[in-house]
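# Residue-level structure breakdown
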Amino acid sequence: MTLQNIIYLFGGLGLFLFGMKIMGDGLENYAGNRLKNILEKITSNKIMGILVGALVTGIIQSSSATTVMVVGFVNASLMNLYQATSVIMGANIGTTVTGLLVSFKIMEYTPLAIACGAAIVLFASKNKTKDLGNILLGFGILFLGMQLMGDSMKPLAESDAFKNLVVYIGNNWFLGILIGAAFTGIIQSSSATTGILITLANTGVVDINVIVPILFGCNIGTCVTALLSSINTTKTAKKAAIIHLLFNSIGTIMFIPLIGILITLVGKLAPGDFGRQVAYSHIIFNLSNTLLLYPFIGALVTLSNKIIRGEDSEELMSLKYIDKRFLEAAQIGMTQASKEILRMAYNVREGLHCSINSFLKKDDEMVKKVYEFEKLTNLLDKEITDYLVQVSSRTINDDDHERITNMFHIINDLERIGDHSENIADLCIEACGKDLKFTNQAIVQIKQMFDECLKVLNYAIDCFQHFDEKKFTNVLSTEDYIDRLEREFRESNINRLNRGECNADESTIFLDMISNIERISDHSTNIAEHALKS
C-alpha cells in the first residue's frame, strides 16, 4: 500500500466523519423543538427508553453522542440508572442506521447529492430549507469519503502480508475483537469503523468471517467516549458509563459462539452483497443484544453499583441541569439551560425574600443567607453564560441564536436583581450598626413596595416558564403601579423629614431601599419581555 493510498484512506475517513457530522447537525436542526423534548418523554417505562434512545441516535447519527448526553442527564440527576440503561440499549440500535445507509451502493448519486445540497445551503433563504440542504450535502460527502476509502484499499487485495494478516485474524476472533475495539476507541466513532468494514467487504479485500469479530469489537470501543466523558462526574454518572461498557461487552461474549450462525443468516438475507451483510450483522447483533439483556436491566444496575460503590453527596454550589455533554445536541442543551435559568430565578427570588426580611426583622442570620444566595447566583450567571456561548458557537439556526440572546439578557437581569437584594442586605447592616429607628409609616411603605415587587418577579418567572402573555400584562400594570408608589413615597419621606419624624440617615436608607426595590421591578419587566421573545 503506497503513501498515496494511505493519504486517500485517511482523507476518505475524514470526509466520512465530516459528512456524518453535517448530516447529523442538519437532521438535529430540522427536528428542532421536537428533538429537545424527546428525552423528556422518558418515564420508568423501559421500552419507551429504548425507543427514545434509538430515535435520538438515528437523528444525531452517533450512539457515542447519545450515551455522552445520557451520562450528562444522570450527572444532572434528570435520569436514573434504569432509564439510562434503556436509552443506552436504544442508542446501540439507532447507530445501525448509518451502517445500513452506507451499505447501499448508490455511489453514482454522490456528486448529485453534493451539488444539490450545496446549492440549497448557498441559495435557500429559510433555515429549515438550509437544514435539508445540509442533510443532503452531508449525505453526499459521507459517500464521497466511502468511495475514497474504497479506492485506497483496493491494492490491499494484492498484498501477501495483508492476506496473511486477514487469515490470522480469521482464525483468531479475540484479535479481531481487540482490533475493532482499539480502532473505534481511537477515532471514537463506531459508525466510521462500520463504514470502513462495509467498504472493505464491498471491495472484496476482507471476508465477512474476518469482519464480524471486528464489528463486535466496535461496540466495545465506542464505550471509550462515554467513559472519558464520565471523568469528574458524580458516581451515578460513572455507573451509567460502566453500564454501557457492561452491556456491549456481555453482548459480545454471548455472541461469540453464534458467529457462524450470524454469518450464515446474513448470507441468506443478502446473498453476494458483502457490504449489506456487514450492515445486517451490525443490526442483528445490536437488536439481539437488546432483546437478550432487556430483562436484566436491574442486574446491570446492580453490577454497576458493585463496581462503583457509594452514593453521591449533594453539592449546592454547582450546576444541576446542564452539562457540557449536552453540547452534542444543541436543542437539548438549550432546554436544560432554560431549566438552569429557572433554578437561578427561584434562587434570586429566595434571596430577595431574605433581604427584605433581614431589613424588616433586623435579622443577621437572614443577611448571611442573602450572601449565600448571591454567591450561587453569581456562579450560575457565569456557568450558564459560558455554556450558552459554547452552544451558540455550534451549528444552530437564526431562531436559536435569538433565543440564546434573550437567555443572555434574562441571566443578566436576574444577576442584577441578586445585586439589588445584596444592596438591601447591606442597608440592613448599616441600619443595625447605626441603631436607626424607622417610623411605622416607613416600614409599611417598604413592605407595600416589596409585596408589589414580588408580584412582578413572580409574573416574570411565569412568563419565562410558561410563555404566559397574560402575565406580561400583569407585569406592565404592576410595574407602573410600583413607579407611582416610589414617587409618592419619596414625597412622603420628605414630609417626615420636614416634620422631624426621621433623621438624615434614616431618610437616606429609606430612599435607597425603595430605589433598589423599584430597580428590581424594572429588571423583572425586562425578564418578562425577553422571555416572550425567546
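The structure under discussion appears in the preceding block.
The notes below deal with the structure included here. (Residues numbered from 1 in each chain as written. Predicted model: local features only at pLDDT ≥ 70, side-chain atom pairs only at ≥ 80, totals over all residues. Heavy atoms only, no water.)

Further remarks concern the overall build of the protein chain. Check the secondary structure of the protein chain and you find 23 helices and 0 strands. Residue burial in the protein chain is summarised as follows: out of 534 residues, 54% are buried. Counting contacts in the protein chain only where the partners sit at least 6 residues apart, residues at least 24 apart contribute 81% of the total. Carbon and sulfur atoms provide 59% of the accessible area of the protein chain, an area that totals close to 23,300 Å². (Helix = DSSP H or I, 4+ residues; strand = E, 2+ residues; numbered from the N terminus. Buried < 20%, exposed > 50% of the residue type's maximum accessible area, 1.4 Å probe, protein only. Contact = heavy atoms within 4.5 Å. Areas by Shrake-Rupley, 256 points an atom, 1.4 Å probe, with all protein chains shown as cover.)

Relative to each other, helix α12 (residues 208-221) and helix α16 (residues 274-293) sit at 45°, their axes nearing to 10 Å. In terms of their interaxial angle, α12 and α16 are classed as oblique. Once α12 is placed against α16, the crossing between them reads as right-handed. Mapping the contact onto sequence places I208, I211, V212, L215, F216 and N219 in α12 and Q277, V278, S281, H282, F285 and N286 in α16. (Axes fitted to C-alpha atoms, helices over the stretch in contact; angles between N-to-C directions. Parallel < 35°, antiparallel > 145°, perpendicular 65-115°, else oblique. Left-handed = near helix turned anticlockwise from the far one by under 90°.)

Residue K362 is not a glycine yet carries a positive backbone phi of 50°. Tracing the sequence through the fold places K362 in the loop between α18 (330-361) and α19 (364-392). With a phi close to 55°, D435 is a non-glycine residue in the positive phi region. Within the fold, D435 resides in the loop between α20 (398-433) and α21 (440-466).

What follows concerns the pattern of salt bridges. According to the stated counting rule, one finds 15 salt bridges in the structure shown. Taking the shortest distance from any N to any O, the salt bridge between D273 and R276 comes out at 3.5 Å. Exposure class is identical for D273 and R276. Each is buried. Salt bridges linked by common partners bring E430, K434 and D505 together as one network. (Salt bridge = Lys/Arg side-chain N within 4 Å of Asp/Glu carboxyl O.)

Let us look at the environment of R349. If you trace the backbone, R349 turns up in helix α18. When sequence neighbours within four positions are dropped, the list of residues in contact with R349 reads L454, L457, N458 and I461.

Taken as a whole, this structure holds 4 aromatic pairs when the rule is applied. Between the aromatic rings of F359 and F438, the centroid separation amounts to 5.3 Å while the plane-to-plane angle is 55°, which identifies the pairing as tilted. Residue F359 is found in helix α18, and its partner F438 is found in the loop between α20 and α21; the two are separated by 79 residues along the sequence. Positioned above the aromatic ring of F510 is the side chain of R496, whose terminal nitrogen or guanidinium carbon lies 4.8 Å from the ring centre. (Phe/Tyr/Trp six-rings, centres within 6.5 Å; stacked < 30°, edge-to-face > 60°. Lys NZ or Arg CZ within 6 Å of the ring centre and 35° of its normal.)

Attention now goes to the packing of α21 against helix α23 (residues 504-533). Remark: α21 packs on α23, axes separated minimally by 8 Å, with the N-to-C direction vectors making an angle of 15°. Between α21 and α23, the angle falls in the class roughly parallel. Where α21 crosses over α23, the handedness of that crossing is left-handed. Its residues assigned to classes, the contact of α21 with α23 comprises 19 nonpolar, 4 polar and 1 charged. (Nonpolar A, V, L, I, M, F, W, Y, C, P; charged D, E, K, R; others polar.)

At 3.6 residues per turn, the α-helix brings residues three or four places apart onto the same side. Taking 1.5 Å as the rise per residue, α16 with 20 residues should run 28 Å; its terminal C-alpha atoms sit 28 Å apart, in good agreement. When you tally the buried positions in α16, you get 14 out of 20 residues, the bulk of the element. (Expected span 1.5 Å × (residues − 1).)

Attention now goes to α12. With 14 residues, α12 extends 20 Å from end C-alpha to end C-alpha; this agrees with the ideal 20 Å at 1.5 Å per step. Buried residues dominate α12, accounting for 12 of its 14 residues. Taken together, the buried positions of α12 are occupied by I208, V210, I211, V212, P213, I214, L215, F216, G217, C218, N219 and G221.

Moving on to the side chain of S338. Mapped onto the secondary structure, S338 falls in helix α18. Taking relative accessible area as the criterion, S338 reaches 15% and is therefore assigned buried. Setting aside residues no more than four positions away along its own chain, S338 makes contact with R403, M407 and F464.

To continue, consider the nonpolar core. In terms of nonpolar packing, the biggest core is built from 60 residues, with I341, F359, I384, L414, I509, M513 and I517 touching the most fellow members. Elements supplying a minimum of two residues to this core: α18, α19, α20, α21, α22 (469-499) and α23. The biggest single contributor to this core is α21, with 12 residues. Sequence-distant contacts of I341, defined by excluding residues within four places in its chain, comprise I384, M407, I410, I411, L414 and F464. (Core = buried A, V, L, I, M, F, W, Y, C linked by side-chain atoms within 4.5 Å.)

The next point concerns a nonpolar patch on the surface. A grouping of L3, I6, I7, Y8 and F10 is seen on the molecular surface, where their side chains present a nonpolar patch of about 520 Å² in accessible area. Inspection of the secondary structure assignment puts I7 in helix α1 (residues 3-31). (Patch = residues over 30% accessible without salt bridge, like charges linked within 9 Å, V, L, I, M, F, W, Y side chains within 5 Å.)

Along the chain, the position of K437 falls in the loop between α20 and α21. Sequence-wise, K437 and N503 are 66 residues apart; in three dimensions their C-alpha atoms are separated by 9.2 Å. The contacts of K437, once residues within four sequence positions are left out, are K362 and E506.

For E340, the location among the structural elements is in helix α18. Separated by 40 residues in the primary sequence, E340 and L380 have C-alpha atoms spaced 7.9 Å apart. Contact partners of E340, with chain neighbours within four places excluded, come to L319, K320, Y321, I322, L380 and I384.

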